[in-house]
Amino acid sequence: MSHTSEWKTHVYLFEEDHTTKVRVELDTGTTRLTGHGTARCNPTDKEVPEIGDELATARALENLALQLKRTAYGDMAAAGTAPRHAPLPAYDLG
């Protein structure tokens, strides 16, 4: 079985008062998910915005990945194929 599709993502970064917040939106055509992540710069650290961007984006993508796994496991269960996995942990946006 051959299958090709295109999923669209958008990454939005916001920085204010030593805090970077990121929202990642995924549109699969049938499902829309949004991941969130945050990074805080210690006021005594050297300010390097790229580091906050990278950390917050990585955390948002991790959050999105967990949501996507939960969606897949739900779809598997609905199709009658129980997933073989431990329950997914809660995710800290920290």
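That block above? That's the structure.
Residues numbered from 1 in each chain as written. Predicted model: local features only at pLDDT ≥ 70, side-chain atom pairs only at ≥ 80, totals over all residues. Heavy atoms only, no water.

K.L.:
Give me the lowdown on the nonpolar core, citing residues and values where you can.
P.N.:
Val-22, Val-24, Leu-26, Leu-33, Ala-39, Ala-56, Ala-60 and Leu-64 form the largest nonpolar core, which has eight residues in total. Of all the secondary-structure elements, those providing two or more residues to this core are β2 (19–27), β3 (32–40) and α1 (49–78). Those residues in contact with Leu-26 that lie beyond four places of it in its chain are Trp-7, Lys-8, Thr-9, Thr-31, Arg-32, Leu-33, Leu-64 and Leu-68. (Core = buried A, V, L, I, M, F, W, Y, C linked by side-chain atoms within 4.5 Å. Buried < 20%, exposed > 50% of the residue type's maximum accessible area, 1.4 Å probe, protein only. Helix = DSSP H or I, 4+ residues; strand = E, 2+ residues; numbered from the N terminus. Contact = heavy atoms within 4.5 Å.)

K.L.:
Explain α1 to me, and be specific about the residues and the numbers.
P.N.:
With 30 residues, α1 extends 43 Å from end C-alpha to end C-alpha; this agrees with the ideal 44 Å at 1.5 Å per step. All buried positions along α1 are accounted for by Gly-52, Ala-56, Thr-57, Ala-60, Asn-63, Leu-64 and Leu-66. For α1, the elements touching its buried residues are β1 (8–16), β2 and β3. One or two steps after α1, the chain reaches Gly-80, where phi turns positive at roughly 90°. (Expected span 1.5 Å × (residues − 1).)

K.L.:
So what's going on with unusual backbone geometry? Residues and values would help.
P.N.:
Backbone geometry places Asp-17, a non-glycine residue, at a positive phi of 50°. Note that Asp-17 resides in the loop between β1 and β2. One non-glycine residue, His-18, adopts positive backbone phi at about 65°. Note on placement: His-18 falls in the loop between β1 and β2.

K.L.:
I'd like a rundown of the layout of surface pockets, residues and numbers included.
P.N.:
Approximately 220 Å³ is the volume found for the largest pocket. Taken together, 16 residues make up the lining of the largest pocket; nearest its centre are Arg-40, Cys-41, Val-48, Pro-49 and Gly-52. Looking at the lining of the largest pocket, the elements that each hand over two or more residues are β2, β3 and α1. With four residues, the single largest contributor to the lining of the largest pocket is α1. (1 Å grid on protein atoms, 1.4 Å probe; cavity = no way out; pocket = protein on both sides within 12 Å on 5 of 7 lines; lining within 4 Å. Points joined across faces, edges and corners; volume = space filled by probe spheres on them.)

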